[in-house]
Each structure stands twice: as C-alpha cells, then as structure tokens.
Amino acid sequence: MKLEQILDKLGSIEKNSFIKIIDNIISNNPRNHKEIEKILSTSDKGLKSVDSQNISKIFALTSVEFEKHIKCEFQEITSQLDILIDIIIRDGNCIMKSDWFSRLYDKEVKHLKGRIKALEVDFKDEKSDLSLNRKRDYKIYKECLQTAYKNDIENNRDPKITSDELSIILTLSKQLGLSQEEIKLINYSIVPIKKLDVQDVIKDLKNIGVIFYSNKENTVYVADEMVRMLRKVRGKEVAEKFYRRTLKLLRTPIINQIAREHNIDRNLTHAQKIEEIIKEGVSFTNLLTENIYKNETTLTEKKKTLNELCEKGLNISNLRGSTLDEKINSLINHFESVERDEKVGISLDGFDKLLSELNQSLPKLNRDIKEQFELQDEFVLKADYLLDYNIKPRDILDLIEKTNLTKFIKDHGIKQRGDDILNILEHYKDVENLYLENYENVAYRNLNSLKENGITVKESELGQKFEDLTKVIFEDLGFNVDDAFKNKLNTKKDMMDILLNLGNDEVIIVECKTSKERGYNKFSSVSRQLKSYQNLALKNDLRIVKILLVAPEFSDDFVTDCEMDTEMNLSLITASTLSNIYEAFKSSKYNEFPYVLFRDIVINEDRIIKALKK
C-alpha cells in the first residue's frame, strides 16, 4: 500500500512519530530543502497540516537522510532490528494484524535459534557439509564481530558497535560472500536472542518511523516506499518475487551449487532450495556476478549468459550497460521500475476473472498463496486485496507449477505456443481498461512502456488512440461527448477533436496532443487551430464555456503564452492530471463532473481532487 493511502487511513497521533522524524530531517537542511520549502510554503502550520500527498512527496525528497537515520539504529546490536525488518519487508507482510505479526516474530526467533544450534554443531563436526573454506569465512567474521562488540566491555563501557566498526564489518561480510541469514546466525551466536514483547517491538519500530500502527484496527502498515528503502538498508537489491522469477530460470546443478555454498540443506527439493536461497538473503548482485557460472567462465561468456537469461527467460530485451556490473544494475533498476509501476498488466476485472478461474481449476492455490506470502485472511484470491500487498497477476502465476499452468491453459482455451505466463496474461487483459491505465504512456508515445505493460500498438495509431481514450474519460465523467453535433460543425479545414455538449447551446471544446518531447511548446500553431474552432462555434451561436488542451506536459514558455492570451478561455491539463482526476471522480459522490472546477490556466490537480473528496 502506498504511503499516501496509509496516511489517509490514520489519525494524527498514529502518524506523529513519522512526521517528527521528517520534521527533524528538514530542520537539518537536507539536500532537497528548496523543493521541500516550496511544498511547505502552501501550509501556514508546518508539516503537521500538510496533506498526505505532499507528505509522501517530502518523504521521497528526504529519502537519503531517512535512510541514514535507519542505518544509525543498527548500531544497537541487541535491537533485533535485522530480524524485524526482514519480517516486514517480505512480500505479503506490509499489512498485518498485531497478533499475526507476533506469530511471525515468534516463528522467526524459534527458527533462528534452531539454526544457530545446527551451525555450532557443524563448526565442531569435521564431517559436516560445511567446507573448510566456508568454516574459515565464518570464523573470520565471527572473531571480528566479537572484537568489535566486546572491546567496549574491556573499556568499562556498554557493548556497542560504532558506525565505523559497522561499516568495516559490512564490507568484510560482503567480501566473504556471506548471506544476510548467515550474518544473522553468527551475530546472534555472540549476542543470544532474547524474545521481546510484541507491543514493545511495534512501539520501537513506530518510533523509528519504519511502520505505522492503527490502534483502532490493531494493524501494522508498512508503506511500499518504506519497504523499498528497508530492502536497500538490508542489502537486498530486489523484491523476493523478482528474485524467485530469476532463480526459476536456472538449472538444477546451479541451484544446488548456490545452496551448497550457503549451507542450505541438500535434501530439500529444487523448489524448496529456491525458497531457502531467497530467505537466506543471498546477494542478487553476487548471484549474477559469480554464483551462476562455472569457475573457468570468462567475463565475455558471463555477459552473454546474462543477456540470454534476460532476453529469453525474463523477456527483457536490450539490457543496458557494457560491463557485467552495469548490466546487473540495469536489471535491478528494471525490476524496481516494474515494482513502482502501479499498473497491473491486465485490467482489475481481468485480474479478478483470472483469480476466480484459477481457484476453480486449482483448489489448493488459495492455501499456497496464503502460505507463500504469509497472509492472514482465509480467502486471499481477490484482486483488490492482493494489490494492497503489491501482489500482481504475474507474481501469482510465477508460483504455479508448470504442469498446473499447462493444464489451466488447456482447460480455458488459452494459446499454447510461446511463453505460458505471457499467454495467460494476454488472455485476461481487458484492452480498454488497460489502455486507460496507460493513458499517460499513450500521451508520451512511449512504445517501450506500453509494450512492457502488455500493449502492442503502431506509433502511427497513438494520436487517434489518445483522442479515443480522452473521449472515454470525459464520457465516464458524465459529459455528453457529442460526435454527431461535432461532425455537423466541422469543416474540411477546421476539425475539432472532441466536443462536450452541455445543453442550452453551451459547449466545451477539447483538443488532444501527444508528444515524445518533454514540455509541449508549440503554442503559436495550436492557438491558431483553437481560435479557428472557437470562431466555428461562435458562428453557430454557441457559447464556449471552456477550451481544454490535453497534452503530456507543457513548457514554461507555453504556459506563459497561454496566460497572456486574451482571446480564448483556454485551460491546460496534463494527461497525468486528467487521469488522476478521473480516478478520484470514480470514488466521489458526483454522477457528473462539476466543470466549474476547470478554472485554472494550468488545471490544479490537488485542488480538484480535494473538492471531489468533500
């Protein structure tokens, strides 16, 4: 769930700790202080009176400083912050009842204690599966950590790891190739885990700003933006679902090799080993830099293997970067972009239909998804519910065994040639809704983004498609999009895109412009066009209530020219703003959009959305 949505659900007291931390960051002159001041200038009572949308923007602007604040908390080695953060950043754990969180915490502590005992036995057992090199790595890390922690006791001070010591230890663990789980096991073999009261845990996490807690609902909320930040702090470069998607493409010998390297039980099945590798927190970068290749593999061969993995397995063409590191970073950035993207790939109706039919064909799927994502509700195969946890159709399909996917495809008449998952997604997408979800990408003529979101269209068709989608939006806003009247008025020379008939000889003229370039700046040509439409309407004794120009964005010069124009009642609206107003309208009390709200030169999205919510 997005930060803005969570803030809208909570009272001021429940947001207080988070607001205080951001306030403190702002008082210390953060690097984006000018942009922050611009947002705060609209409020006379400081950060506490700023709306949820702008608090979310300020959080993004203070992300570097907020991340440093969280890292400082890790210096307290007895805080168990690593255990707790690893729980709340797992896929499916961003919304939890307090008792469910307590159960997950108890389970994790019990699991860790058992593994610590097993590790200590392996240390002493000469015949254990641990290689001599791995034992040596563990010993080096353990002794360094022990020295860093206990040198304070020798100097008659409380044991603590300083930021400098922590930095050295993290570098050491990285060079030794230790997973996050291996680090935790060694850490807590030095400082035994003491189980904490869950209410104290929730209070501590809330006080450092990483979770929100609703007292009324007894529910823990972790914002999607915070999950990404915490993953970064923990050195986990991608979400579990993307890690799983990558691991499933690897051959069994490679999975066995990775499992052996990180002391994962060799008796587990292939699928279980994949899940354990994910839980271990094995570095995604290390995996693609070293772990998936044979020892003698050259750098050129590694790059070729990675390109094939992305193109043939992950369906990502033209991976950017010339070096191996650059290519891996490009893949990580791609996954992060997909995760941030609110678009689902198919329409919401299509997702619901897919889940319903999957549930009928695979009766155990609900239980499997519930267990995989540690979800609390009994029935979880609901599109809205899963999207709150940032679980999308592809994430569900990735978890289904190939034999079951093949059976499902045959049972539902889905295309069998090619990639099974892509064929299923194609079968369930509702084209019109999918286009509307990608309205801004159509405006920008962004063919790559459209393709990634399951839309194949010719560039020559995008102008007409943008106009058609804009018509759909205005119709859904309650306007009479009068094509018959428009065609009657239009001449061969002057052809309006959209005419909204308000009745009583009153109209709104809408012009649609797509552009690849950032900042639409062709005012002189478009103004001549609009004035000719205005004259056409006036000749037919029509009163023009408003002329709206819809485009991806507008340059500052274009806005200035528009402000100086004295002949037209023209307003500018970006595709993004119109799309967001459309979404807000759908959940408002209005059956028809109150067009008097179109009163600015550049339509103010925030003001209109606030008005619709009243």
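Shown above is the structure to which this text applies.
Position numbers for residues count from 1 along each chain, tracking the sequence in the order it is written. Given that the model is predicted, a residue must reach a pLDDT of at least 70 before its local features are reported, and side-chain atom pairs must reach 80 or more before they are shown or counted; all residues, however, enter totals for whole chains, interfaces and linings. Excluded from the side-chain calculations are hydrogens and water; all other atoms, namely the structure's heavy atoms, are used.

**Q** Give me the lowdown on the pairing of strand β4 (residues 498–503), citing residues and values where you can.
**A** Two elements, β4 and strand β5 (residues 506–512), share five bridges in a ladder whose sense is antiparallel. Paired with Ile498 across the strands is Val510, a residue of β5. Note on pairing: two strands pair once DSSP finds at least 2 bridges between them. Put simply, DSSP H or I for four residues or longer makes a helix, DSSP E for two residues or longer makes a strand, and each gets a number counted from the N terminus. Here β4 folds back onto β5, and the loop between the two strands holds two residues, one of which, Asn504, carries a positive phi near 55°.

**Q** So what about the pairing of strand β6 (residues 543–551)? Which residues, and what values?
**A** Summary of the burial criterion: residues with accessible area below 20% of their type's maximum are buried, those above 50% are exposed, and those between are partly exposed, where the area comes from a 1.4 Å probe applied to protein chains only. Among the nine residues that make up β6, eight are buried, leaving the element largely enclosed by the rest of the structure. Across seven bridges, β5 lies against β6 in parallel orientation. The residue of β6 that forms the bridge with Val507 is Ile544. Here β6 runs beside strand β7 (residues 570–574); their pairing, made up of five bridges, is parallel.

**Q** Could you give me a rundown of the pattern of salt bridges, with the residues and numbers involved?
**A** The term salt bridge refers to a pairing of a side-chain nitrogen on Lys or Arg with a carboxyl oxygen on Asp or Glu at a separation within 4 Å. Evaluation of the coordinates by the stated rule reveals 39 salt bridges. Between Lys232 and Glu67 there is a salt bridge, and its shortest N-O distance comes to 3.7 Å. Placement of the pair is Lys232 in helix α12 (residues 224–233) and Glu67 in helix α5 (residues 63–73), with a sequence separation of 165 residues. Taking the relative accessible area as the measure of exposure, Lys232 reaches 57% and is therefore exposed. Taking relative accessible area as the criterion, Glu67 reaches 13% and is therefore assigned buried. The partner of Asp137 in a salt bridge is Arg134, and the shortest N-O contact between them spans 3.2 Å. Taken as a pair, Asp137 and Arg134 lie in helix α8 (residues 132–154) at a separation of three residues, close to a single helical turn. Beyond isolated ion pairs, a larger network of salt bridges with shared partners links Asp86, Arg90, Glu108, Glu181, Lys184, Arg234, Lys236 and Glu374.

**Q** Give a detailed account of unusual backbone geometry, specifying residues and quantitative values.
**A** Notably, Asn504 is not glycine yet its phi reads approximately 55°, a positive angle. A positive phi angle is found at Asp505, which is not glycine, with a value near 60°. Residue placement: Asp505 occurs in the loop between β4 and β5.

**Q** Residue-level account of the sheet that holds strand β2 (residues 212–214), with values.
**A** In space, the three strands of this open sheet follow the order β1-β3-β2, with antiparallel pairing throughout. Looking along the sheet, the strands with just one partner apiece sit at the ends: β1 (95–97) and β2. Ignoring strand direction, the axes of neighbouring strands in this sheet form an average angle of 25°. As paired elements, β2 and strand β3 (residues 219–221) share three bridges and run antiparallel to each other. When the bridges of β3 are listed, Tyr213 appears paired with Val220. In this analysis, axes come from line fits to C-alpha atoms, helices being fitted only over the stretch in contact, and the angle between any two N-to-C directions falls in the range 0 to 180 degrees.

**Q** Give me the lowdown on the side chain of Arg231, citing residues and values where you can.
**A** Within the secondary structure layout, Arg231 lies in helix α12. Here a polar contact means two N or O atoms within 3.5 Å. Within protein one must be a hydrogen donor candidate and the other an acceptor candidate, and residues neighboring in sequence count only if both atoms are side-chain atoms. A polar side-chain atom of Arg231 sits 2.5 Å from a polar atom in the side chain of Glu339. Residues are treated as being in contact if the distance between any of their heavy atoms lies within 4.5 Å. Other than its neighbours up to four places away in sequence, Arg231 contacts Ile89, Lys236, Val238, Ala239 and Glu339.

**Q** Explain the packing of aromatic side chains to me, and be specific about the residues and the numbers.
**A** Aromatic ring pairs are reported here in terms of the distance separating the ring centres and the angle at which the planes meet. Working definition: rings of Phe, Tyr and Trp (its six-membered ring) pair if their centres are within 6.5 Å, and the pair is stacked with planes under 30 degrees apart, edge-to-face with planes over 60 apart, and tilted otherwise. Following the criterion strictly, the structure yields 16 aromatic pairs and no others. Through successive ring pairs, a cluster of aromatic residues spans Phe474, Phe479, Phe585, Phe593 and Phe598. Consider the ring centre and the ring normal. A charge sits over the ring if Lys NZ or Arg CZ is within 6 Å of that centre and within 35 degrees of that normal. Here the basic side chain of Lys382 rests over the ring of Tyr385, its NZ or CZ set 5.1 Å away from the ring centre.

**Q** Requested: an account of the environment of Asp565, with residues and values cited.
**A** The residue Asp565 is located in the loop between α31 (556–564) and β7 in this model. With a relative accessible area of 16%, Asp565 lands in the buried category. Expressed as a C-alpha distance, the spacing of Asp565 and Ser527, which sit 38 residues apart in the sequence, is 9.1 Å. Ignoring anything within four residues of it in the chain, the contact list for Asp565 reads Phe523 and Lys531. A distance of 2.9 Å separates the side chain of Asp565 from the backbone nitrogen of Met568, its partner in a polar contact.

**Q** Go over helix α2 (residues 12–27), please, and point to the residues and values.
**A** Two axes enter the definition of the bend at a residue: one is fitted to the seven residues ending there, the other to the seven starting there, and the bend is the angle between them. Its maximal kink placed at Phe18, α2 deviates by approximately 35°. All of the buried residues along α2 are Glu14, Lys15, Ser17, Phe18, Ile19, Ile21, Ile22, Ile25 and Ile26. Positioned one or two residues after α2, Asn29 has a phi angle of 55°, which is positive.

**Q** Tell me about the packing of helix α7 (residues 98–124) against helix α11 (residues 198–207), and please be specific about residues and values.
**A** One can describe the packing of α7 onto α11 by two numbers: an axis separation of 10 Å at closest approach and a directional angle of 100°. Comparing their axes, α11 and α7 come out roughly perpendicular. Between α7 and α11, the residues in contact are Ser98, Phe101, Ser102 and Tyr105 and Val198, Gln199, Val201, Ile202 and Leu205, respectively. Residues that form the contact of α7 with α11 fall into these classes: six nonpolar, three polar and no charged. Roughly parallel refers to an angle under 35 degrees, roughly antiparallel to one over 145, roughly perpendicular to one between 65 and 115, and oblique to any angle outside these ranges. Three classes are used: nonpolar for Ala, Val, Leu, Ile, Met, Phe, Trp, Tyr, Cys and Pro, charged for Asp, Glu, Lys and Arg, and polar for all others, with Gly counted as polar.

**Q** Please provide a residue-by-residue account of the nonpolar core, values included.
**A** Phe18, Phe66, Phe101 and Met226 are the most contacted members of the largest nonpolar core, which has 105 residues in total. Among the elements that take part in this core, α7 stands out by supplying eight residues, more than any other. Residues within four places of Phe101 in sequence aside, it is in contact with Leu84, Ile87, Ile88, Met96, Val198, Val201, Ile202, Leu205 and Val220. Definition of nonpolar core: a set of buried residues of the types Ala, Val, Leu, Ile, Met, Phe, Trp, Tyr and Cys, connected through side-chain atoms within 4.5 Å. Residues Tyr435, Leu469, Leu548 and Ala611 belong to the second largest nonpolar core, which totals 41 residues.

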